[in-house]
Amino acid sequence: MILGIAISSCTLGDKSEKVIKLDCGIYLKVVRWSTDNQRTYISDNSILKDTLNEPYYKALDFFYKVDNCSLIILKADSLNRSQLKNPKINIQQEWAKKVDFKNYDSLGFDNIMYK
């Protein structure tokens, strides 16, 4: 019982949250904890509390753009919970293109770390 009380009073540290609105009703919800736990959720709404069933990436270091209402993501870890409940968002993951921090903006991509 004492252990349960001690665990329930622990937090994962301070959390910062940010919502980035993209074209075609696509939102990226960035959540960072001070414990080096970081996630970027992909959603069709801007509500941060609605992330339970949304797919997410653990890494924040990736490049993205919206093209023909499809979210294209480059250089990311694998998508967790890849079943997006709303089929309006098409997620394409690509690793073949040579995109890095020197050329991403000239190729029409953004980087989640700088938003």
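In this text the structure is predicted, and so the values were computed from the model without any measurement.

What counts, and at which threshold
- Residues numbered from 1 in each chain as written.
- Predicted model: local features only at pLDDT ≥ 70, side-chain atom pairs only at ≥ 80, totals over all residues.
- Heavy atoms only, no water.
- Patch = residues over 30% accessible without salt bridge, like charges linked within 9 Å, V, L, I, M, F, W, Y side chains within 5 Å.
- Areas by Shrake-Rupley, 256 points an atom, 1.4 Å probe, with all protein chains shown as cover.
- Salt bridge = Lys/Arg side-chain N within 4 Å of Asp/Glu carboxyl O.
- Helix = DSSP H or I, 4+ residues; strand = E, 2+ residues; numbered from the N terminus.
- Buried < 20%, exposed > 50% of the residue type's maximum accessible area, 1.4 Å probe, protein only.
- Pairing = 2+ DSSP bridges.

K.L.:
Tell me what's going on with a nonpolar patch on the surface, and back it up with residues and numbers.
P.N.:
On the surface, a cluster of nonpolar side chains totalling about 330 Å² of accessible area is made up of F101, M113 and Y114. Note that Y114 resides in the segment after β8 (110-111). The exposure class of Y114 is exposed, given its relative accessible area of 57%.

K.L.:
Give a description of the pairing of strand β6 (residues 70-74) that names residues and reports values.
P.N.:
By the criterion of burial, β6 is predominantly enclosed, with 5 of the 5 residues buried. The two faces of β6 match: S70, I72 and L74 on one face and L71 and I73 on the other face are all buried. Note: strand β5 (residues 63-67) against β6, 5 bridges, orientation antiparallel. Bridging from a neighbouring strand, Y64 pairs with I73 of β6. Linking β5 back to β6 in an antiparallel pair, the connection comprises 2 residues, with N68 at a positive phi of about 55°. Where β6 and strand β7 (residues 90-94) come together, 5 bridges link them in parallel fashion. Looking at the pairing, S70 lines up with N90 of β7.

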